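So you can see what is in the structure, the chains are spelled out below.
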Amino acid sequence: MLQAGCKSKQSFTNFEAHVEFLLPFKPLARGQERGNSGVYLQDRYEVQVLDSFGLKGENNECGGIYSQAKPAVNICFPPLTWQTYDIDFTAAKFDESGTKTKNAVVTIKHNGVTIHDNLELKGPTPSGAKETPSGGPLQLQGRGNPVFFQNIWVLPK
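Since the structure is predicted, the reported quantities are computational estimates derived from the model, not experimental observations.

Reading guide: rules and limits
- Residues numbered from 1 in each chain as written.
- Predicted model: local features only at pLDDT ≥ 70, side-chain atom pairs only at ≥ 80, totals over all residues.
- Heavy atoms only, no water.
- Salt bridge = Lys/Arg side-chain N within 4 Å of Asp/Glu carboxyl O.
- Helix = DSSP H or I, 4+ residues; strand = E, 2+ residues; numbered from the N terminus.
- Buried < 20%, exposed > 50% of the residue type's maximum accessible area, 1.4 Å probe, protein only.
- Contact = heavy atoms within 4.5 Å.
- Pairing = 2+ DSSP bridges.
- Core = buried A, V, L, I, M, F, W, Y, C linked by side-chain atoms within 4.5 Å.

A. The pattern of salt bridges, seen in detail. Taken as a whole and judged by the stated rule, the model has 4 salt bridges. A salt bridge links Arg34 to Asp51; its shortest N-O distance comes to 3.1 Å. Placement of Arg34 in the loop between strand 3 (15-22) and strand 4 (37-41) and of Asp51 in the loop between strand 5 (45-49) and strand 6 (83-90) is noted, with a sequence separation of 17 residues between them. Taking relative accessible area as the criterion, Arg34 reaches 16% and is therefore assigned buried. Given the relative accessible area of 4%, Asp51 is considered buried.

This is the structure in structure tokens:
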């Protein structure tokens, strides 16, 4: 089990990943104070982690691609319940001169339900690293909240 605020030593290009996370119970908190964290793919694209139980399901709530795409459905469980992300990621493609020719694509299941299906990522999310032809680490964002992760695995494709 890990607390938010770490990243993998290994870099990944195209991969499948499984991440389990536990959000804190903060009944008086609102907005981004509700256990804010994220799973960064290649250190570039943030899949939001946040207690969004009972909320609308926006791009800055659990399962959202931060500032780019809201989940198809808000499937966030209540806080203090283990939740899962199953992620299928295909990296952006670049030509020999380093010009991007194709956006990264991601499919994400949250708690077993598809919330993004072959979604093209328009570029890095805020605070994400610049896109390049090289891979990047998986980061479990630390924002000072007691968010925990377990049973994390990544399989290169």
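Next comes the rest of the account.
B. Here's a closer look at the environment of Gly5. Relative to the assigned elements, Gly5 resides in the loop between strand 1 (2-3) and strand 2 (6-7). Looking at Gly5, the relative accessible area reads 54%, which means it is exposed. Considering only alpha carbons, one finds Gly5 and Gly38, 33 residues apart in sequence, at a separation of 9.5 Å. Apart from residues lying up to four places away in sequence, Gly5 is in contact with Leu140, Gln141 and Gly142.

C. Broad picture of the sheet that holds strand 1. Strand order in the open sheet formed by 6 strands is 1-12-3-6-9-10, with antiparallel pairing between adjacent strands. Looking at the sheet topology across the chains shown, the edges are occupied by strand 1 and strand 10 (113-121). Of the pairings in the sheet, the one linking strand 9 (residues 104-110) to strand 10 comprises 6 bridges and is antiparallel in character. Note on strand 10: the bridge partner recorded for Val106 is Leu119.

D. Spatial organisation of the nonpolar core. The biggest cluster of nonpolar side chains holds 31 residues, and the ones touching the most others in it are Val39, Leu41, Tyr85, Ile87 and Phe89. Those elements that place two or more of their residues in this core are strand 3, strand 4, strand 5, strand 6, strand 9 and strand 10. No other element matches strand 3, which puts 4 residues into this core. In contact with Val39, not counting residues within four places along its chain, are Val19, Tyr45, Glu46, Val47, Val49, Tyr85, Ile87, Leu138, Gln139, Leu140 and Phe149.

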